[in-house]
Amino acid sequence: MDPTEFLRLIPPKWNGGKRGFRDLSGMVAPERKRRTLLQFLSDHFYDVKFLREFMLQKQMQKLYLDNRSFTNIQDRYGPDIAGAFFILQHGGSVKFRDREWIRSDEYKRFSAEVLKFQAVPVEAIDASGCVINYYGLDNLLPLKELRSLSLQRCPHVDDWCLSRLYPLSDSLQELLLAGCPHISERGLACLHHLQNLQRLDISDLPAVEYPGLTQILVEEMLPNCEVVGTDWAQGLRLGPEERPQNTASPIPAKPTARGSR
Amino acid sequence: MSGRQALGRRQPIAWRGGDLEVTTGQWACSSEQVADTLVVRVWGNQLSERLGSEGAMLRRFLRLGLGRSLSIREVGTHSGYSILDWDGKVSEFKKKIQSIMPGEPGDLLCDTRHLPPEHSDVVIVGGGVLGLSVAFWLKKLAKRRDAIRVLVVERDHMYSKASTGLSVGGIRQQFSLPQNVQLSLFSIDFLRNINEYLAVVDTPPLDLQFNPSGYLLLATEKGAAILETNVKMQRQEGAKISLMSPEQLQKKFPWMNMEGVALASYGLENEGWFDPWSLLQGLRRKVQSMGVLFCQGEVTRFLTSSNSMRNSSGEEVILRRIHEVHVKMDNSLEYQPVECAIVINAAGAWSGQVAELAGIGKGPPGTLQGTKLPVEPRKRFVYLWHCPQGPGLETPLVTDTNGVYFRREGLGNNYVGGRSPTEEEEPDPADLEVDHDFFQNKVWPHLAQRVPVFEALKVRSAWAGYYDYNTFDQNGVVGPHPLVVNMYFATGFSGHGLQHAPGVGRAVAEMLLEGRFQTIDMSPFLFSRFYLEEKVLEQNII
């Protein structure tokens, strides 16, 4: 047993209503790590401070510029092609119905044969690792025949994006969300609109605090769906008869793989 | 530091403060072990206290090794100073030096750091989410950086009674007034992009913990027609609301009892609840980084001057102008007069009192001078209970036909809810004590009737908060006062101030900077409607 486990103070977000759910400890100022020259200068010079703010704004703007929609392609070729273009532009892959997967290479280039599939709907999209955000999903929502959507390891897909997926509820059968850092159980709660979902992957979501409990609740919410995620026994505390005999500690011991100490 | 190490020191010790110099040097000595000694040249006249620990070591070393063969020149040592208080004296001296340096507050005799500044362009009375939102948008929409000096005066630095922190935190677009829907749509956009709006360099991004679960408003036969027209209007404004019949509702939410429900409106997107405290802290952090000053104090007086003018029909009108705001400190008679150009009343539940200080409402009733600001505090209770078999993760914030509402809280089958009391049952707003009988008699029966599983629930905790209740028509007051020309209101939202705060803040900032409302037309919310008796009623008040 690691002795530091006892000393680890986890501020709980919810503790049965005793303290109220205003968690002030979440707003503690970040510790000052080794400061860079630019950080030091921005404390003393307004120009440097302004420059750093400008650089931050530019960084955020870049994400929005990357997520613009291709309106001219949409007008000319239709929403399916526009959506496919968007995904291929970001490095994902698209599968049209009865065709094979079309991918783009590492320089985000793809062949123009995509333009030939005008009457064919898009069936599956693999956008793993793409920098799509809420506004980028504009391109995917008009795809009425989408069966499978994979948003694994997308760094900017969060709860807001999940709340936007309800227009796909008629056709979406598979949704893969493994490894997205910003998705929490609050976003998973709005997946109940997707009644035709048959496979949902919610493994490895770092922002979900209690993966086992979340898995149970999502399974209850979507009874027809196979929810692939964590083992629901993860995070379960042992009962009193199974707990190792360590009466000296005030905190019950966490279950270890070795069993009794 | 041992004596041996002291011998090896050759470089000069540089000392901050600048009026001393201590150097080491060679000294011819008969003893072999001692090659160096210290020559102390003192340019100030206080050697012993300035050298601190080195001085004590120095003295020990000198006494030990070199006493007899050396003559030590210690010019001007004061025997009156003791070594015991050494570090304290040094830090005091350093503080004095720092206060003389440019850029530091220079009042050595009386400390005025807790007082507000003597001049400020805009004084915002009230530091809750509405006041901070106005401050943020004022700074953001100003054409030049630091063009406007803003001061936020907040009486309660712990926000213990402020409506923002005690709020349930919901945001919805399901209102009956188009302006309210537009305000909510803008606010949800603001919350979604909050890390672009409120980004401060070197701070972690804000997590509002938004639950996009939506609102479900239930309606009886009588209210069904109104609900339908409202939903039509909301859809026209751009909100994504769907109408559901009782059968569809029963299929979707099997735990609900459909008795008495004829129609329901369900928000599909952009509705839900979030943590208002983190929004407040995020705004506070950003607004401080933009240069807004905060002061903890109470506004006790406005110094005004009046001017008599004639209006187009020849009647005499007295216009007042606020020149100074007196801000009184806590637990003291000390106050600071702040000279200001504009005062913004964002004091929430206490806006009526602040308006009275400015002379609003002092006049014969029925005239514009005699029209008070009809905002008063109303106490509302919120209860938190646990129900083991309760509704699941997909539960929206359900609002029943009789005003009872509840929502989920967290993963552990806990629920938060309450009810707005009728006019007769209004509790006394003198304090924030919770009335548990209200839950037993007025809330629980209706909850159990709508959701049968709630027959078996256990109340875990409860709290009370204030609504800044507009007794006239339960909608906000925004914009300038017609007679007190430099007081602007941003208050009176009766329970939906939090969800409209970003939009209202922007509207007030536009009014101040441009002279009119530019993005959302808030002219129905001006003060003059109280005199003209034009009610702008909002039907969907929870």
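A few points on the structure. (Residues numbered from 1 in each chain as written. Chains lettered and ligands numbered in written order. Predicted model: local features only at pLDDT ≥ 70, side-chain atom pairs only at ≥ 80, totals over all residues. Heavy atoms only, no water.)

Some details on the overall build of chain A
For step 1, the next point in the chain: For chain A, the count of helices and strands is eight helices and seven strands.
For step 2, the next point in the chain: Evaluated residue by residue, chain A yields a buried proportion of 41% over its 261 residues.
For step 3, the next point in the chain: Of the contacts made within chain A by residues no fewer than 6 positions apart, 62% connect residues no fewer than 24 positions apart. (Helix = DSSP H or I, 4+ residues; strand = E, 2+ residues; numbered from the N terminus. Buried < 20%, exposed > 50% of the residue type's maximum accessible area, 1.4 Å probe, protein only. Contact = heavy atoms within 4.5 Å.)

Quick look at the interface of chain B and chain A
For step 1, the next point in the chain: Each partner contributes residues to the interface: chain B has 45 residues there, and chain A has 37 residues.
For step 2, the next point in the chain: Summing both sides of the interface, chain B and chain A together bury roughly 3900 Å²; the carbon and sulfur share of this comes to 61%.
For step 3, the next point in the chain: It is R192, L393 and L411 of chain B in chain B that bury the most area against chain A; as a group they hold 17% of the surface buried on that side.
For step 4, the next point in the chain: For E53 of chain A, the salt bridge goes to R145 of chain B, with nearest N and O atoms at 3.8 Å. (Buried area = accessible area lost by both parts, 1.4 Å probe. Salt bridge = Lys/Arg side-chain N within 4 Å of Asp/Glu carboxyl O.)

What to know about the environment of Q179 of chain B
All names here are of chain B.
For step 1, the next point in the chain: Within the secondary structure, Q179 is located in helix α5 (residues 178-192).
For step 2, the next point in the chain: For Q179 and S167, which are 12 residues apart along the polypeptide, the C-alpha to C-alpha distance reads 22 Å.
For step 3, the next point in the chain: Discounting chain neighbours no more than four positions away, the residues touching Q179 are I520, D521, P524 and F525.

Concerning helix α5 (residues 79-89) of chain A
Residues and elements named next belong to chain A.
For step 1, the next point in the chain: Of all 11 residues in α5, nine are buried, a share of seventy percent or more.
For step 2, the next point in the chain: Turning to α5, its buried residues are D80, I81, A82, G83, A84, F85, F86, I87 and L88.
For step 3, the next point in the chain: Taken together, the buried residues of α5 touch α3 (46-66), α4 (71-77), β1 (93-96), β2 (101-103) and β3 (122-126).
For step 4, the next point in the chain: Positive backbone phi, approximately 100°, marks G91, located one or two places after α5.

Comments concerning a nonpolar patch on the surface
Residue and element names in this part refer to chain A.
For step 1, the next point in the chain: Side chains of L38, L51 and M55 sit close together on the surface and give an oily, nonpolar patch of about 250 Å² of accessible area.
For step 2, the next point in the chain: In this fold, L38 is placed in helix α2 (residues 37-44).
For step 3, the next point in the chain: In this structure L38 comes out as partly exposed when scored by relative accessible area, which is 33%. (Patch = residues over 30% accessible without salt bridge, like charges linked within 9 Å, V, L, I, M, F, W, Y side chains within 5 Å. Areas by Shrake-Rupley, 256 points an atom, 1.4 Å probe, with all protein chains shown as cover.)

A closer look at the sheet that holds strand β14 (residues 375-386) of chain B
All names here are of chain B.
For step 1, the next point in the chain: Taken in spatial order, the eight strands line up as β7-β8-β6-β15-β16-β17-β14-β18 in an open sheet, and their pairing is mixed. Edge positions in the sheet fall to β7 (241-244) and β18 (458-470), since each of these pairs with one other strand and no more. Strand-to-strand twist in this sheet, taken as the mean axis angle between neighbours without regard to direction, amounts to 20°.
For step 2, the next point in the chain: Relative to β18, β14 runs antiparallel, the two sharing 12 bridges. Residue R378 lies in a different strand from β18, and its bridge partner there is Y467.
For step 3, the next point in the chain: Sitting on the sheet, helix α7 (residues 221-237) touches β6 (215-219), β7 and β8 (263-267), and the angle it makes with β7 is about 155°.
For step 4, the next point in the chain: Of the strands in this sheet, β6, β14, β16 (404-409), β17 (414-419) and β18 are in contact with helix α11 (residues 436-450), which crosses β14 at around 60°. (Pairing = 2+ DSSP bridges. Axes fitted to C-alpha atoms, helices over the stretch in contact; angles between N-to-C directions.)

With respect to the packing of helix α4 (residues 129-141) of chain B against helix α9 (residues 276-289) of chain B
Residues and elements named next belong to chain B.
For step 1, the next point in the chain: Viewed as axis vectors pointing N to C, α4 and α9 meet at an angle of 35°, and their least axial separation amounts to 10 Å. The two elements α4 and α9 cross, and the hand of that crossing is left-handed. Every residue of α9 that contacts α4 at V129, L132, S133, A135 and F136 is listed here: L279, L280, L283, R284, K286 and V287.
For step 2, the next point in the chain: Of the residues belonging to the contact of α4 with α9, the class tally is eight nonpolar, one polar and two charged. (Left-handed = near helix turned anticlockwise from the far one by under 90°. Nonpolar A, V, L, I, M, F, W, Y, C, P; charged D, E, K, R; others polar.)

Examining the packing of aromatic side chains
For step 1, the next point in the chain: Under the defined criterion, the tally for this structure stands at 30 aromatic pairs over all chains.
For step 2, the next point in the chain: Seen from their ring centres, F190 of chain B and Y197 of chain B are 4.6 Å apart, and the 25° between their planes marks the pair as stacked.
For step 3, the next point in the chain: Judged by its relative accessible area of 2%, F190 of chain B is buried.
For step 4, the next point in the chain: Where F527 of chain B meets F530 of chain B, the ring centres are 5.2 Å apart and the plane angle is 90°; that geometry is what we call edge-to-face. Accessibility classification places F527 of chain B together with F530 of chain B in one group, the buried group.
For step 5, the next point in the chain: Linked through ring pairs, F253, W255, Y266, F381, Y383, W385, F406, Y415, F438, F439, W444 and F454 of chain B together constitute an aromatic cluster.
For step 6, the next point in the chain: Its end group placed over the ring of Y134 of chain A, R164 of chain A keeps NZ or CZ at 4.4 Å from the ring centre.
For step 7, the next point in the chain: Sitting over the face of the ring of F175 of chain B, R172 of chain B holds its NZ or CZ atom 4.2 Å from the ring centroid. (Phe/Tyr/Trp six-rings, centres within 6.5 Å; stacked < 30°, edge-to-face > 60°. Lys NZ or Arg CZ within 6 Å of the ring centre and 35° of its normal.)

Focus: the sheet that holds β2 of chain A
All names here are of chain A.
For step 1, the next point in the chain: Spatial strand order, β2-β1-β3-β4-β5-β6-β7: seven strands in an open sheet with mixed pairing. Each edge of the sheet is formed by a strand with only one pairing partner; in this case those strands are β2 and β7 (226-228). In this sheet, adjacent strand axes meet at a mean angle of 15° when their direction is disregarded.
For step 2, the next point in the chain: Judged from the three bridges that link them, strand β5 (residues 174-176) and strand β6 (residues 199-201) form a sheet pairing that is parallel. Within the sheet, the bridge partner assigned to E174 lies in β6 and is R199.
For step 3, the next point in the chain: On the sheet, α5 packs against β1, β2 and β3 and is oriented at approximately 150° with respect to β1.

Concerning the packing of α4 of chain B against helix α12 (residues 497-514) of chain B
Residues and elements named next belong to chain B.
For step 1, the next point in the chain: Taken N-terminus to C-terminus, the directions of α4 and α12 make an angle of 40°; their axes are 8 Å apart at the nearest point. Considered as vectors, α4 and α12 are oriented oblique to each other. α12 is crossed by α4, and the crossing has right-handed handedness. Here V129, L130, S133, V134, W137, L138 and L141 of α4 lie close against α12, whose contacting residues are G497, L498, A501, P502, V504, G505, R506, V508, A509, E510, L512 and L513.
For step 2, the next point in the chain: Among the residues making up the contact of α4 with α12, the classes are represented as 14 nonpolar, three polar and two charged. (Parallel < 35°, antiparallel > 145°, perpendicular 65-115°, else oblique.)

Digging into the environment of V201 of chain B
For step 1, the next point in the chain: Relative to the helices and strands, V201 of chain B resides in the loop between α6 (194-197) and β6.
For step 2, the next point in the chain: Each C-alpha atom, one on V201 of chain B and one on L384 of chain B, is 37 Å from the other, the two residues being 183 residues apart in sequence.
For step 3, the next point in the chain: When near neighbours in sequence (up to four residues on either side) are disregarded, V201 of chain B contacts R52, E53 and L56 of chain A.

Some details on the pattern of salt bridges
Residues and elements named next belong to chain A.
For step 1, the next point in the chain: In the structure shown here, the tally under the stated rule is 25 salt bridges over all chains.
For step 2, the next point in the chain: Of the charged contacts in the structure, one is a salt bridge between D66 and K62, with a shortest N-O distance of 3.6 Å. Of this pair, D66 and K62 both sit in helix α3, four residues apart, which is roughly one turn of that helix.
For step 3, the next point in the chain: You can call K62 exposed: its relative accessible area is 53%.

Regarding the pairing of strand β13 (residues 335-345) of chain B
A regular strand carries its side chains on alternate faces of the sheet.
Residue and element names in this part refer to chain B.
For step 1, the next point in the chain: Where strand β3 (residues 119-125) lies against β13, six bridges are found, and the strand directions are parallel. For V125, the partnering residue across the bridge sits in β13 and is N345.
For step 2, the next point in the chain: In this sheet, β13 lies alongside strand β12 (residues 316-328) in antiparallel orientation, the contact comprising five bridges. Pairing of H326 across the sheet is with P337, part of β13.
For step 3, the next point in the chain: What sits between the antiparallel neighbours β12 and β13 is a turn of six residues, in which N331 has the positive phi angle 55°.

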